[in-house]
Amino acid sequence: MNQNNDTLPAVDNRGNVVEMAMADTAQFVTFYYDKHFFGLPIDDVIEINRALDVTPVPMAPRYVSGVVNLRGQILTAINLARRIGLLCKIKEGTGKREFNNVIMGDREEPVSLLVERIGDVMSIPTEKIEPPPDMIEGIDLKYVDQVCKLDSKLLIILNSKALEKAEESKKNKS
Amino acid sequence: MGMEDDILKDFLAESKDNLELLDQQFVELEQDPENEELIKSIFRTIHTIKGTSGFFGFTTLEGIAHFAEDILSKLRDGIIKVNEEITTMLLQSVDYIKAILSELESTGKEPVDTDYLDFIVDLRNFSEKITKSGVAKGQQPETEAKETGEGQTDAGTTTDQEPAVDEEKKEAKPEAAEKQAQDKKKEKKPVPLKETPKTAAKKKGPARKTSPAATHLTESHVRIDVHLLDQLMTLAGELVLSRNRLTQLANQLNDPEFLTANQRMSLVVTELQEQIMKTRMQPIGNVFNKFPRIVRDLAKTAEKKVQLRIEGAETELDRSIIESIKDPLTHMVRNSIDHGIEAPDIRVQKEKPPVGTLTMKAYHEGGQVIIEIVDDGAGIDPDKLRQKAIEKGIITEEQAEALTDREALMLIFQPGFSTAEKVTNISGRGVGMDVVKTNIEKLGGTVELMSEVGVGTTIKIKIPLTLAIIPALIVTSQDQRYAIPQVNLVELVHLNPKLMERDVQKIGNSEFYRLRGEILPLIRLRNVLRLEEEEHDGTGEGMNIVVLNAGGNLFGLVVDSISDSEEIVVKPLGSHLKHIPTFAGTTLMGDGRVALILDVVGITSSAAAGDDAMKHGTVVSTKGMEDDHQFLLLCTIGQDEYFALPLALVNRLDKIKATDLEFVGGKEVIQYRGHSMPVIRLENYLPISPLPEQEEYHLIVFHMNHKDVAFLVSQIDDSLDLAIDVEEGTFKQEGILGSAIIKDRTTLFLDVYQIISLHDPDFFTQEDLYAETPARVLLAEDSTFYRNMLSSYLTGAGYDVVLAEDGQKAWEIYQSDHFDLIITDIEMPKMNGFELTRKIRDEGNNKDIPIIAVTSLSGEENRQRGLEAGINDYQSKLDRDRVLRAANNLLREKALDTAA
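What counts, and at which threshold
Residues numbered from 1 in each chain as written. Chains lettered and ligands numbered in written order. Predicted model: local features only at pLDDT ≥ 70, side-chain atom pairs only at ≥ 80, totals over all residues. Helix = DSSP H or I, 4+ residues; strand = E, 2+ residues; numbered from the N terminus. Buried ≥ 20, exposed ≤ 12 C-beta atoms within 10 Å, placed from the backbone. Contact = placed C-beta atoms within 7 Å. Axes fitted to C-alpha atoms, helices over the stretch in contact; angles between N-to-C directions. Parallel < 35°, antiparallel > 145°, perpendicular 65-115°, else oblique. Left-handed = near helix turned anticlockwise from the far one by under 90°. Nonpolar A, V, L, I, M, F, W, Y, C, P; charged D, E, K, R; others polar. pLDDT = per-residue confidence, 0-100. Pairing = 2+ DSSP bridges. Core = buried A, V, L, I, M, F, W, Y, C linked by C-beta atoms within 7 Å. Expected span 1.5 Å × (residues − 1). Arc of directions from axis to C-beta.

In this section: the overall build of chain A. In terms of helices and strands, chain A carries 3 helices and 11 strands. Among the 174 residues that make up chain A, the fraction classed as buried is 37%.

Structure follows, in structure tokens:
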């Protein structure tokens, strides 16, 4: 998992600045949820894991599906659709649904992002990357960093910092 | 001796690390002579060595370090500048220091060799020289030094040898050894570390090999980040799980070759895991070794003769635990010496050897480490303990009689308990064994005490091998497993449907179980976790109750099923989930799935704020102060009179038939459990509509002052765990403490004590008051409800009570008036009870006024803090009898003191 950093060029996704020696491209891990197509800068992704067993946590925030066991480390599993307010028919309570885990974020405390289907790693010329439009149907824009218009669809580049940030509104446990 | 050895070991290990660093730093310094940070860091290292060697009396080492420090301090202050010569001299000092350290490590003594002394002289001269030159010539120390160097042989020699040092450093050992062999004395001075010990050894005569000392100095220990070890441990655990799966597969496939390969791997994995676990382990000897000295000193102070025996010092346990058991152990050893072992002359009279024996023993047993502290002293007399406990108001006489001897012995772990007849400077201040017990329990351990009068006492401590692993009970609710820390567990109860019907009472939305006559509130885990209710209620199968202790309050947690007890590894929850009060963490189960660890205290508070109250739109604010949380019992009289009272006051709930009521001597009574018990109708004392005629009445039974009395009500509705926040004023009158809106209804809080007193003025009479004139009490309490209640029963008992709604107010009133006693809440706005106490003790005009702290939760930690702050006694607010007894005792003590 670490070799990503060695073999792949460094991409700074925070701004529009992309530091690269070669032709200016950035790499993204892509995945699907419902009909939407998402991407995360490859440096923000630690690994991808097929269907880890999610243990539900009662009374957790709605966007948290539960916790997963990643080789002994216990990670919070965040449902992408619920997190970004995606308006799609999340089949509630229809038994077990298989999700893929995109392990991302801070290496000290990574989170697992639950997505439906994993796509390819895409290299995208930086000039094709644009700031997000004023509105994307049913998605909270604070989680969207940039977008990229591809031939057939729109790649929504997510902001990993926003995704993994715990909501402060709740009182801390005393 | 042991202690010093330890310190020496630490000192050596630390110095070695630092010295390695020094070599590197000096080289850096040469390149970057202006780097102040670097100079400071080097200076600190040398300074530490100087200080410590001074402490041990290693004069040679101290000398070298001293002069090196001298030079460094000049560098630091900018008097001189770094040059090659200075660096060389300093590096030489480091080499000498290393040589001495290595000698210390192998023999425990400094090497006796004139070489070292010569070097000190050299170093001193050099230091003086560069100072002069530095001051005189300022910027040209190097030239200056060289010039002077030619004049003075010693300094010159060192300069000459500088290249040799470098060379030797680069070159392999053999050559260096060769050189040394043929060398004259002056060439030995700069020899690098590996040689000097050899030289020293040779001169001393005995054939000691060089290599052990040399290797020791660098290679036998490596410092590793504990975090890294933790990660290794986690991964090893995970490896075990993967292995388990593989084994399953192997068994299914039944391929002999695969099976053999898997078996082999299994062995290696198990071994690996064990070894990794060991990395965190340390022998308990690290703590035990400190005791010979402690025991010696204590015995001397106490004028006793004690021989210490240590067994099982090699027993290993987790590093973090080792550190935290030291203080409790010290405390227990103190107690044994101070109270246990008798003075030599008494021992002789008792036909015991004059020297007492104290044994500290450690061993493994059933996955735990057992530590025993055994003395052959006087032992503890359970009867004395009982007596003392009664005197101190910790237990009542009846309770004392009911205690077995073994239970009575455990009394010494009660807070505020000390059997020492006189307070010595060793022990007997009443802050002691309870702290020991708390500390051990914090580690997930237990303490037991066995004693035989005249023969001796054994204290047995059981602690888990590691902190990260705790024993827990696994329960299931909605097919999910949850772990409950065993520390909170009191007992398990399974009810078959028949018993359930008989003993579980449903009041409103709350349930209670009558556990041996005590009322135990029940909380259903699925309600707490807001899990969807399944179709069938599960009533057909009975009920599984886990009786838990949440900070002194017992409650029953109803779960679907109870599985095994397991040792679990605690892992924290992520930041998204940390705020959920119900969970303390997570753990991995044997099958690789995650289970949540329940936070028992969190469950009670979350049950309080739970759907129950919310659905009904409770307005009672849930203030942050846990102090004011109480289980309340809600009841009604007729259709529209709503009342609440603290459940803790209630002894039992019952139903009776109207026909059971009888009149005796103008008072209503009922035959209850073999004696007649007065029954109180609230309308007789409160301005409310009378209790309507019913076939059956509900009875709320109180047991106070060794007597039973009951309230008669129409219906018992519910019980809630709520933060009590009452309004007084509107309903201020006798028998009512205030009101609050609970579930959209105005509910009156009953003053149980006052109502009972109104009914029977003699009910509470006992030797309540000591003073002839009413004692003046200052009561500081922010909660209106408790303030009224406390004031009511204190006034009822004859005290003259002045109220203050927070610590600040209390302080102001206190300064302008005279009181005999202060009763204070702990958690208060503006100034809390601890601060108030401290203030009174420090600045007050009546400093030694008795102070009682009252609380609704008896947190051990609070108690401890309170005692430290100078609080004399610590009681539960609701327990009228105890508060009054404590007040009375303190006043009496005070009066006796004054009289004396």
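With that out of the way, let us pick up the overall build of chain B. Looking only at helices and strands, one finds 31 helices and 34 strands in chain B. A burial count over chain B gives 39% of its 900 residues as buried. In chain B, the share of contacts with a sequence separation of at least 24, taken over all contacts with a separation of at least 6, comes to 66%.

All names here are of chain B. One can describe the packing of helix α2 (residues 36-56) onto helix α3 (residues 59-76) by two numbers: an axis separation of 9 Å at closest approach and a directional angle of 155°. On the basis of the axis angle, α2 is roughly antiparallel to α3. Crossing angle aside, the handedness with which α2 passes α3 is left-handed. Here Ile-39, Lys-40, Ile-42, Phe-43, Ile-46, His-47, Ile-49, Lys-50, Ser-53 and Gly-54 of α2 come into contact with α3, specifically with Leu-61, Glu-62, Ala-65, His-66, Ala-68, Glu-69, Leu-72, Ser-73, Leu-75 and Arg-76. Here the contact of α2 with α3 is composed, by residue class, of 10 nonpolar, 5 polar and 5 charged.

This part is about the confidence of the model for chain A. Residue and element names in this part refer to chain A. Mean pLDDT over chain A stands at 76; residues scoring 70 or higher make up 76%. Helix α1 (residues 3-7) is the least confidently modelled element of chain A, averaging 41 in pLDDT, while strand β7 (residues 111-115) averages 90, the highest of any element. With pLDDT under 50 throughout, residues 1-21 is counted as low confidence; its partners more than four residues away or in other chains account for 25 contacts. Confidence over residues 169-174 falls short of pLDDT 50; this stretch has 7 contacts with residues more than four positions distant or in other chains.

Turning next to the pairing of strand β26 (residues 707-713) of chain B. Residues and elements named next belong to chain B. Most of β26 is tucked away, with 5 of its 7 residues classed as buried. Bridge count between strand β24 (residues 675-681) and β26: 3 bridges; the pairing is parallel. Among the inter-strand pairings, Val-679 is bridged to a residue of β26, identified as Ala-710. Once strand β25 (residues 696-704) ends, the chain turns through 2 residues before running back antiparallel as β26, passing Asn-705 with a positive phi of about 50°.

Here the focus is the sheet that holds strand β7 (residues 456-464) of chain B. All names here are of chain B. The 5 strands lie next to each other as β2-β4-β5-β7-β6, forming an open sheet whose pairing is mixed. Two strands lie at the open edges of the sheet, namely β2 (306-311) and β6 (446-452), each paired on one side alone. Averaged over all pairs of adjacent strands, the angle between strand axes in this sheet comes to 15°, irrespective of strand direction. With 6 bridges joining them, β2 and strand β4 (residues 356-365) adopt parallel strand pairing. Its bridge partner lying in β4, Gln-307 is registered against Thr-357. On the sheet, helix α15 (residues 291-302) packs against β2 and β4 and is oriented at approximately 160° with respect to β2.

Another point: the environment of Met-677 of chain B. All names here are of chain B. Locating Met-677 in the fold gives a position in strand β24. Look at Met-677 and you get partly exposed, because 19 C-beta atoms sit within 10 Å. C-alpha of Met-677 to C-alpha of Lys-707: the two residues are 30 residues apart in sequence and 8.4 Å apart in space. Once you skip the residues sitting within four places of it in the chain, Met-677 turns out to touch Val-669, Ile-670, Tyr-672, Asp-708, Val-709 and Ala-710.

On to the confidence of the model for chain B, then. Residue and element names in this part refer to chain B. Summary statistics for chain B give a mean pLDDT of 74 and a share of 79% for residues scoring 70 or more. Low pLDDT, under 50, characterises residues 136-218; the predicted model gives this stretch 99 contacts beyond four residues in sequence or across chains. Segment residues 421-431: pLDDT under 50, and 23 contacts once partners within four positions in sequence are set aside and those in other chains are kept. For this predicted complex, the interface score ipTM comes out at 0.78, while the overall pTM is 0.44.

Taken together, the contact between chain B and chain A spans 24 residues of the former and 24 residues of the latter. For the side of chain B that touches chain A, the secondary structure elements donating two or more residues are α12 (226-253), β17 (583-588) and β18 (594-598) of chain B. The dominant element in the side of chain B that touches chain A, judged by the number of residues it contributes, is α12 of chain B, at 4 residues. Looking at the side of chain B that touches chain A, its residues break down into 9 nonpolar, 10 polar and 5 charged.

Turning our attention to the sheet that holds strand β32 (residues 821-825) of chain B. All names here are of chain B. Strands sit in the order β31-β30-β32-β33-β34 across an open sheet of 5 strands; the sheet is parallel. The open sheet has two free edges, formed respectively by β31 (800-804) and β34 (873-876), since each of these has just one partner strand. The average undirected angle you get between the axes of adjacent strands in this sheet is 25°. Helix α28 (residues 807-815) contacts β30 (776-780), β31 and β32 of the sheet and is inclined by roughly 155° relative to β30.

Here we take up the nonpolar core. Residue and element names in this part refer to chain B. Counting residues in hydrophobic clusters, the biggest one holds 162 residues, and the most contacted among them are Leu-557, Leu-598 and Val-777. When residues no more than four places from it in sequence are discounted, the contact partners of Leu-598 are Tyr-482, Ala-483, Ile-484, Thr-582, Phe-583, Ala-584 and Ile-603. Counting 41 residues, the second-largest nonpolar core is a separate cluster that includes Ile-284, Val-333, Val-369 and Ile-463.

Our focus in this paragraph is the environment of Phe-413 of chain B. All names here are of chain B. Relative to the helices and strands, Phe-413 resides in the loop between α20 (405-409) and α21 (433-442). As for Phe-413 and Lys-437, which are separated by 24 residues in sequence, their C-alpha atoms are 6.5 Å apart. Contact partners of Phe-413, with chain neighbours within four places excluded, come to Met-433, Asp-434, Lys-437 and Val-447.

Turning next to the environment of Tyr-685 of chain B. Residue and element names in this part refer to chain B. Tracing the sequence through the fold places Tyr-685 in the loop between β24 and β25. Of the residues examined, Tyr-685 has 20 C-beta atoms within 10 Å and is grouped as buried. The spacing of Tyr-685 and Gly-735 is 50 residues in sequence and 7.2 Å in space, taken between C-alpha atoms. Excluding anything up to four places from it in sequence, Tyr-685 contacts Gly-735, Ile-755, Leu-758 and His-759.

The next subject is helix α4 (residues 84-107) of chain B. With 24 residues, α4 of chain B extends 34 Å from end C-alpha to end C-alpha; this agrees with the ideal 34 Å at 1.5 Å per step. With 18 of its 24 residues buried, α4 of chain B lies for the most part within the structure.

The subject of this paragraph is the packing of helix α16 (residues 319-340) of chain B against α21 of chain B. All names here are of chain B. Between α16 and α21, whose axes approach to 9 Å, the crossing angle comes to 150°. By the angle class used here, α16 and α21 are roughly antiparallel. Judged by the twist between their axes, the crossing of α16 over α21 is left-handed. Contact with α16, carried on its side by Ser-324, Asp-327, Pro-328, His-331, Met-332 and Asn-335, involves Met-433, Val-436, Asn-439 and Ile-440 of α21 and no other residues of that element. A class-by-class count of the residues in the contact of α16 with α21 yields 5 nonpolar, 4 polar and 1 charged.

Our next topic: unusual backbone geometry. Residues and elements named next belong to chain B. A positive phi angle, near 55°, is found at Glu-303, a position not held by glycine. In this model, Gln-478 sits at a positive phi of 50°, which is unusual for a non-glycine residue. Inspection of the secondary structure assignment puts Gln-478 in the loop between β8 (469-477) and β9 (480-485).

Residues and elements named next belong to chain B. Taken together, the buried positions of α21 are occupied by Met-433, Asp-434, Val-436, Lys-437 and Ile-440. Along the axis of α21, the buried positions cluster into a sector of 160°, meaning they face one direction only. Contacts from the buried residues of α21 go to α16, β6 and β7.

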